[in-house]
Amino acid sequence: MILELDCGNSFIKWRVLAVDAGHVLGEGVVDSNLALLEGLGGLKGLTLTFCRLVSVRTAEETAALTSLLRDTFDVPVVCATPAREMSGVRNGYEEFERLGLDRWLAMLGGFHLASGACLVLDFGTAVTADFIAADGEHLGGFICPGMPLMRNQLRTHTRKIRYGDLAAEQALESLVPGRATVEAVERGCLLMLRGFVMTQLELARSYWGEDFVVFLTGGDASLVTEAVPQARVVPDLVFVGLAMACPLS
Ligand SMILES: Nc1ncnc2c1ncn2[C@@H]1O[C@H](COP(=O)(O)OP(=O)(O)O)[C@@H](O)[C@H]1O
Ligand SMILES: CC(C)(COP(=O)(O)O)[C@@H](O)C(=O)NCCC(=O)O
Ligand SMILES: [K+]
């Protein structure tokens, strides 16, 4: 069995695949290394043979996790590393090793699935957009705060914006102008997110007309799916790229 991990700034997404990499035997989203071990411990008949992971965390945090996995499961642990070019995609950063590895893998996955020009939008702690042309050239991208960062900045830097998670969720059932703080903030931030998405679509159209695929991924992708009906929602896009960057042999 293969363990795959996507270590983002807020959460670790994990899944266990059968050795033929055919089907998913278990998966989860956790907020700590300990919770990851607990989640894995809950799987019956777990016999890991290989682990591959991508991390946008510090080298120290990533090293701590890889040694924990080696010690606990006695398996080889392979981390995705930056590359100038892979699977037909050319990294567009001036310093290719500075491009977030989660972005890079989502781009590899997206270009592979689209077999052509694509716009990859990832909604995590941060929101990212990346443009890959039909010839595999990465034109670059954008990074802005995601939903959790936008709302937390407002909560942190104002004195009278305070509300709970449940109220926040309920506030998004409609997008009419808010008549309570929670509605005004949650809807305002969501409209910023959607506005960002619309701008990315316009830019992609200016490059490629209608001849491109839009991918939505990341934990908050569902917040914008309605606004982009033509998009392909691929929650495991980073894992698609991870398998390409870190094959079994
Ligand atoms: N099962 C889940 N557990 C935690 N967060 C989730 C879950 N499903 C969706 N989310 C949303 O995903 C967002 C985090 O997205 P994610 O892609 O995991 O971020 P990152 O990669 O930066 O850690 C949170 O703001 C949360 O609203
Ligand atoms: C942009 C990111 C913070 C997104 O991280 P995430 O929201 O998925 O946790 C991450 O890809 C990152 O740290 N990138 C390095 C900077 C860059 O890509 O230019
Ligand atoms: K991510």
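So, how was this worked out
- Residues numbered from 1 in each chain as written.
- Chains lettered and ligands numbered in written order.
- Predicted model: local features only at pLDDT ≥ 70, side-chain atom pairs only at ≥ 80, totals over all residues.
- Heavy atoms only, no water.
- Helix = DSSP H or I, 4+ residues; strand = E, 2+ residues; numbered from the N terminus.
- Rg over C-alpha atoms; globule rule 2.2 N^0.38 Å.
- Buried < 20%, exposed > 50% of the residue type's maximum accessible area, 1.4 Å probe, protein only.
- Contact = heavy atoms within 4.5 Å.
- Lys, Arg positive; Asp, Glu negative; His and termini not counted.
- Charge placed at Lys NZ, Arg CZ, Asp CG, Glu CD.
- Axes fitted to C-alpha atoms, helices over the stretch in contact; angles between N-to-C directions.
- Parallel < 35°, antiparallel > 145°, perpendicular 65-115°, else oblique.
- Left-handed = near helix turned anticlockwise from the far one by under 90°.
- Nonpolar A, V, L, I, M, F, W, Y, C, P; charged D, E, K, R; others polar.
- Near = heavy atom within 4 Å.
- Polar contact = N/O pair within 3.5 Å; in protein donor to acceptor, adjacent residues only side chain to side chain.
- Areas by Shrake-Rupley, 256 points an atom, 1.4 Å probe, with all protein chains shown as cover.
- Domains from an automatic or database assignment.
- UniProt positions renumbered as here; feature names shortened; annotations may be inferred.
- Salt bridge = Lys/Arg side-chain N within 4 Å of Asp/Glu carboxyl O.

Enquirer: Tell me about the overall build of the protein chain, and please be specific about residues and values.
Expert: Within the protein chain one finds seven helices and 12 strands. In terms of C-alpha radius of gyration, the protein chain reaches 19 Å, essentially the compact-globule figure of 18 Å for 249 residues. Its C-alpha atoms give the protein chain principal-axis dimensions of about 55 × 45 × 30 Å. For the protein chain, with 249 residues in total, the buried portion stands at 45%. The contacts of the protein chain with a sequence gap of at least 6 include a subset with a gap of at least 24, amounting to 55%. Each charge class in the protein chain can be summarised by its mean position, and for the 20 positive and 30 negative side chains these summaries are 7 Å apart.

Enquirer: Account for the packing of helix α1 (residues 33-41) against helix α2 (residues 59-73), naming residues and giving values.
Expert: Contact geometry of α1 with α2 gives a least axis separation of 11 Å together with a crossing angle of 30°. Classified by the angle their axes make, α1 and α2 are roughly parallel. The interaxial crossing formed by α1 with α2 has right-handed handedness. Together, N33, L36, L37 and L40 of α1 and L65, L68, L69, T72 and F73 of α2 make up the contact between the two elements. By residue class, the composition of the contact of α1 with α2 is seven nonpolar, two polar and no charged.

Enquirer: Explain the site of ligand 2 to me, and be specific about the residues and the numbers.
Expert: Residues in contact with ligand 2 amount to 14 residues; listed here are only the nearest, N9, Y93, D102, R103 and A126. In the model, an oxygen atom of ligand 2 is placed 3.3 Å from a nitrogen or oxygen of the T125 main chain. Here an oxygen atom of ligand 2 sits 2.8 Å away from a polar atom, N or O, in the main chain of A126. With the chains in place, 77% of the 470 Å² that ligand 2 exposes on its own is no longer accessible. Its residues placed into classes, the shell around ligand 2 shows five nonpolar, six polar and three charged. Two domains share the shell around ligand 2, each providing at least three of its residues, namely domain 1 (2-79) and domain 2 (89-146 + 187-237).

Enquirer: How would you sum up the UniProt feature "binding site: ATP" (unreviewed entry) in the protein chain? Please name residues and give values.
Expert: In this numbering, the UniProt entry assigns the feature "binding site: ATP" (unreviewed entry) to D6, C7, G8, N9, S10, F11, I12, K13 and T125. Judged by maximum C-alpha separation, these annotated positions cover 120 residues in sequence but sit close together in space, the widest gap being only 13.2 Å. Note on C7: relative accessible area 2%, which makes it buried. With near-sequence residues (within four places) excluded, C7 lies in contact with I12, V54, S55, V56, R57 and L65. You can see I12 is positioned in strand β2 (residues 12-17). For I12, a relative accessible area of 0% translates into the label buried.

Enquirer: Run through the site of ligand 1, naming residues and quoting values.
Expert: Around ligand 1, a shell composed of 13 residues is seen, among which S10, F11, K13, T125 and D220 lie nearest. Here an oxygen atom of ligand 1 sits 2.8 Å away from a polar atom, N or O, in the main chain of F11. For ligand 1, an oxygen atom lies 2.7 Å from a polar atom in the side chain of K13. In isolation ligand 1 has 570 Å² of accessible area, and contact with the protein removes 68% of it. Grouping the constituent residues of the shell around ligand 1 by class yields four nonpolar, seven polar and two charged.

Enquirer: Now, about the side chain of D102: what can you tell me, with residues and values included?
Expert: Secondary-structure assignment places D102 in helix α3 (residues 101-114). For the buried D102, no salt bridge exists, and the shortest N-O distance to an oppositely charged side chain is 6.0 Å, to R103. For D102, the contacting residues outside a window of four places in its chain are D6, V54, V56 and V238.

Enquirer: So what's going on with unusual backbone geometry? Which residues, and what values?
Expert: Even without being glycine, S87 reaches a positive phi, approximately 45°. Secondary-structure assignment places S87 in the loop between β6 (85-86) and β7 (89-90). Among the residues examined, S87 registers a relative accessible area of 42% and is labelled partly exposed. The backbone of S115 sits at a positive phi, close to 50°, despite the residue not being glycine. Inspection of the secondary structure assignment puts S115 in the loop between α3 and β8 (118-123).

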